[in-house]
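The primary structure of each chain is shown beneath.
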Amino acid sequence: MRKKVVKFGGSSLASAEQFKKVGDIIRSDEGRRYVVPSAPGKRYNDDIKVTDMLYDCYHAAAEGIPVDKKIQRIQARYQEIIDGLNLNLSLDEEFARIKEDFENQKGLDYAASRGEYLNGIIMADYLGYEFVDPANHIFFDENGVLDAERTDKSLADKLEHIERAVIPGFYGSCYDGTIKTFSRGGSDVTGSIVAKAVRADLYENWTDVSGFLVTDPRIVDNPKVISTITYKELRELAYMGATVLHEDAIFPLRQEGIPINIRNTNCPLDKGTMIVESTCNKPKYTITGIAGKKGFASINIEKDMMNAEIGFGRKVLQVFEENGLSFEHVPSGIDTFTVYVHQDEFEDKEQNIIAGLHRAVQPDSIDLESDLALVAVVGRGMRRNRGTAARIFAALAHNHVNVKMIDQGSSELNIIIGVENRDFETAIRSIYDIFVLSQV
Ligand code: ASP
């Protein structure tokens, strides 16, 4: 029997209705044996996620404000689910303990983790699966970093003899026994840790979109779904701001070659996006995705005969390093060297950096430009296709977008284009139109 780990995000578990959809999905496939739930998320736009209610409640307790009302509101969210599923389950004792622990300030991470913990209890009861508390099997070291080896061994040993289990997402415990969470959205990471531990055939990550989209739906109406994407492509797009999965969820699975399938709880028949190590599955379009970010500044350094000065680049970058600033891109010409940085991080350090550059490399001139955006066009299909760059730039020119910078890595996996902030959306739409809408 295939072994699948299925993780459900907060919106998939926000209400009893959503729980029922999840139950149907799990029961429709025997292989869906290990379930990782998030805490209940938003039921509607202005709703509050249970995790946020827990943080708020804990902060109130820290200030000595009575928290009975807030605890009751959180319990009501769970009770609504229990009643809607007709379960014979009471969380009264759990909530009495939680209230006491909040008043005794047992820790902010402990507080946040209760969202997943309680949802896990309900899910296990609803499915008739065993409940496995990750506090006993997912471990962080003394620096707060996941102890991957110890975790993998402990989880693998535990789950080896359990055919079907619910393991709440988002948390584990520290060396001293206190509860610690991953960063926000961290149930994705739990799912991938569990998938690795049970040597799953597939990690299904169920959310409220039908996969990873070719580009941002706030910029392009109804963008197409990417059917297969490699880990490398995902990393490039995620770095540029496209998110659907917690970044740390990739690493444990990439090591094992376990694929991830992003699925939509509300449209379970959609195939979603497969995230894989590599594939000979040809991408549908030449490009896989387009992502980007606004808010960059460029520092353009000019010096005659710069090309003959060995160590010039190192000295320039050292000035940025000494000011604690990381750089994004460094396009260079014969006598010019440009550094792209995040504008908001740069602004405070601007004058120190200019002075540092004068001291370090005695340039002829330093020009600054702000309000720039970077657009990344990513795709394994670009390697096999001639003329991709030509089509991108023709599309941009046609739509009156001035290109300020071009950077193509030798892997030919992506082309990064610098434009002005105000051209950002037009640039993305033009590239989407030429590659996806015209479907060449
Ligand atoms: N409930 C946590 C959050 O809201 C973790 C998760 O949902 O993955 O960030």
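Located above this text is the structure these notes cover.
Residues numbered from 1 in each chain as written. Predicted model: local features only at pLDDT ≥ 70, side-chain atom pairs only at ≥ 80, totals over all residues. Heavy atoms only, no water.

Asker: Mind laying out the pairing of strand β15 (residues 414-420), listing which residues take part and the relevant values?
Answerer: Burial within β15 is extensive, with seven of its seven residues counted as buried. By the alternation rule, side chains of β15 split into N414, I416, G418 and E420 and I415, I417 and V419, which are all buried. Examined bridge by bridge, strand β13 (residues 365-378) and β15 share seven bridges and lie antiparallel to one another. Note that in β15 the partner of L372 across the bridge is E420. Pairing between strand β14 (residues 405-408) and β15: four bridges, direction antiparallel. (Buried < 20%, exposed > 50% of the residue type's maximum accessible area, 1.4 Å probe, protein only. Helix = DSSP H or I, 4+ residues; strand = E, 2+ residues; numbered from the N terminus. Pairing = 2+ DSSP bridges.)

Asker: Go over the sheet that holds β15, please, and point to the residues and values.
Answerer: Here we have five strands laid out as an open sheet, ordered β12-β11-β13-β15-β14, and antiparallel in their pairing. Edge positions in the open sheet fall to β12 (336-342) and β14, since each of these has one partner strand only. Here the average twist between neighbouring strands, direction ignored, is 30 degrees. Sheet strands in contact with helix α8 (residues 231-239) are β11 (289-302), β13 and β15, and its direction is about 65 degrees off that of β11. (Axes fitted to C-alpha atoms, helices over the stretch in contact; angles between N-to-C directions. Contact = heavy atoms within 4.5 Å.)

Asker: Talk me through the site of the ligand; I want residue IDs and the actual numbers.
Answerer: Every residue near the ligand is listed here: S38, K49, T51, E116, F170, R184, G185, G186 and S187. In this structure, R184 approaches the ligand through a side-chain N or O atom, which is 2.8 Å from an oxygen atom. For the ligand, whose unbound accessible area comes to 260 Å², protein coverage reaches 93%. According to the grid-proximity analysis, the pocket containing the ligand is the largest pocket. Among the residues forming the shell around the ligand, the class breakdown is one nonpolar, five polar and three charged. (Near = heavy atom within 4 Å. Polar contact = N/O pair within 3.5 Å; in protein donor to acceptor, adjacent residues only side chain to side chain. Areas by Shrake-Rupley, 256 points an atom, 1.4 Å probe, with all protein chains shown as cover. 1 Å grid on protein atoms, 1.4 Å probe; cavity = no way out; pocket = protein on both sides within 12 Å on 5 of 7 lines; lining within 4 Å. Sits in = over half its atoms within 2 Å of the grid points. Nonpolar A, V, L, I, M, F, W, Y, C, P; charged D, E, K, R; others polar.)

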